[in-house]
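Survey of secondary and tertiary structure
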Amino acid sequence: MTADMGTAPAPQPRKSGALKWVLLGGLGCLFLVLLGVGGCIGTVFWALNKAKDSAIYKESLAAVQQSPSAQTALGTPIEGGMPTQFNYNSTNGRETGTLTFTVTGPKGEGSVNMQGTASGGKWAFSILTLTAGGKTFDLLREEDEDVGAPGNAEQDHAGPSK
């Protein structure tokens with residue numbers, strides 16, 4: 001047996017570090033995108049959570065909790081949920097706002113839609129409705145009218161019946 005001493009083993013090709021940098025760059029960009037999306041989602045939840053601390057939310061929830069129509073539709077206790085829409089403006093001491101939020105009770109869940117103005121910190125509602133069980137209840141009119149009568153405070157969700 002003779003060993004061939006005159007030839008050196010073939011050199012192994014060197015692995016390029018470019019693939020490592022491409023992967024690191026891609027993962028870094030993905031991390032930044034996820035961080036940005038998470039920041040946006042966090043900001044939205046923070047803002048909606050702040051809405052739950054507002055007077056407009058607290059006063060409209062209290063009105064719903066005291067409403068005989070809401071108590072009949074949802075049962076008691078009625079608990080407020082997360083706002084899904086919130087718009088508030090204050091100009092020259094006059095506050096205006098619209099708010100939509102969910103409510104739940106032992107019999108089911110619903111959605112409250114509110115619009116109002118405040119002067120001196122007390123809210124006056126121009127719209128306060130509860131939609132639950134396929135019906136919309138006008139919570140501002142229920143005290144003056146028989147809630148169950150056709151054409152009064154309780155209406156089918158699709159609109160008034162003919």
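Residues numbered from 1 in each chain as written. Predicted model: local features only at pLDDT ≥ 70, side-chain atom pairs only at ≥ 80, totals over all residues. Heavy atoms only, no water.

**Remarks on the packing of aromatic side chains**
The following threshold applies: Any Phe, Tyr or Trp ring, taking Trp's six-membered ring, that has another such ring centre within 6.5 Å forms a pair; planes under 30 degrees apart are called stacked, those over 60 apart edge-to-face, and the others tilted. Labels follow the DSSP assignment, with helices taken as runs of H or I lasting at least four residues and strands as runs of E lasting at least two, numbered in each case from the N terminus. Throughout, exposure labels follow a simple rule: accessible area from a 1.4 Å probe, protein chains only, divided by the maximum for the residue type, with under 20% read as buried, over 50% as exposed, and the rest as partly exposed.
Applying the stated criterion to the full structure yields two aromatic pairs. Here the aromatic rings of Tyr 57 and Phe 101 are separated by 4.8 Å at their centres, their planes lie at 55 degrees, and the arrangement is tilted. Pair noted here: Tyr 57 is in helix H2 (residues 55–66) and Phe 101 is in strand S2 (residues 94–105), with a separation of 44 residues, a long-range link. Among the residues examined, Tyr 57 registers a relative accessible area of 4% and is labelled buried. You can call Phe 101 buried: its relative accessible area is 0%.

**Examining the pairing of strand S1 (residues 79–91)**
The following threshold applies: When DSSP locates at least two bridges between a pair of strands, those strands are taken to pair.
Of the strand pairs in this sheet, S1 and S2 are connected by ten bridges, and their pairing is antiparallel. When the bridges of S2 are listed, Gly 80 appears paired with Val 103. Counting the residues that bridge the hairpin from S1 to S2 gives two residues, and of these Asn 92 lies at a positive phi of roughly 50 degrees.

**A look at the environment of Ala 51**
Let me state the cut-off plainly: Any two residues whose heavy atoms approach within 4.5 Å are treated as being in contact.
Examined against the element boundaries, Ala 51 turns out to sit in helix H1 (residues 18–52). For Ala 51, a relative accessible area of 1% puts it in the buried group. Residues Ala 51 and Tyr 88 lie 37 residues apart in sequence; the distance between their C-alpha atoms is 9.4 Å. Residues in contact with Ala 51, not counting those within four places in the same chain, are Tyr 57, Pro 83 and Phe 86.

**Quick notes on the pairing of strand S4 (residues 122–132)**
As defined by bridge partners, strand S3 (residues 108–119) adjoins S4 across ten bridges and the pair is classed as antiparallel. Paired with Val 112 across the bridge in S4 is Leu 130. One ladder, built from four bridges, connects S4 with strand S5 (residues 135–138); its direction is antiparallel. For Thr 129, the partnering residue across the bridge sits in S5 and is Asp 138. Between S4 and the antiparallel strand that follows it, S5, lie two residues; Gly 133 among them carries a positive phi value of about 60 degrees.

**What about a nonpolar patch on the surface?**
Put simply, the rule reads: Residues enter patches when their relative accessible area tops 30% and they take part in no salt bridge; the joining distance is 9 Å for like charges and 5 Å for the nonpolar side chains Val, Leu, Ile, Met, Phe, Trp and Tyr. Using the Shrake-Rupley algorithm and a 1.4 Å probe, accessible areas are obtained, with residue cover drawn only from the displayed protein chains. When a carboxyl oxygen of Asp or Glu lies within 4 Å of a side-chain nitrogen of Lys or Arg, that pair is called a salt bridge.
Taken together, the side chains of Leu 27, Leu 30 and Leu 34 present a nonpolar region at the surface, about 320 Å² in accessible area. Here Leu 34 lies in helix H1. Look at Leu 34 and you get exposed, because its relative accessible area is 55%.

**Some thoughts on the nonpolar core**
Condition: Working definition of a nonpolar core: buried Ala, Val, Leu, Ile, Met, Phe, Trp, Tyr and Cys residues. They are joined through side-chain atoms within 4.5 Å.
Grouped together as the largest cluster of nonpolar side chains are 19 residues, with contacts concentrated most on Val 64, Phe 101, Val 103, Val 112 and Leu 130. At the level of elements, H2, helix H3 (68–74), S2, S3 and S4 are the ones that each hand at least two residues to this core. With sequence-adjacent residues up to four places away left out, Phe 101 is seen in contact with Tyr 57, Ser 60, Leu 61, Gly 81, Met 82, Pro 83, Thr 84, Gly 110, Ser 111 and Val 112.

**Comments concerning the pattern of salt bridges**
Evaluation of the coordinates by the stated rule reveals one salt bridge. For Glu 59, the salt bridge identified is with Lys 122, shortest N-O distance 3.8 Å. In this pair, Glu 59 sits in helix H2 while Lys 122 sits in strand S4, placing the two residues 63 residues apart along the sequence.

**Remarks on the environment of Ile 78**
One can find Ile 78 in the loop between H3 and S1. Under the relative-accessibility criterion, Ile 78 is labelled buried at 6%. Among all residues touching Ile 78, those that are not within four sequence positions of it are Val 64, Gln 65, Ala 70, Gln 71, Val 103 and Thr 104.

On their own, these measurements won't tell you what the molecule is for.
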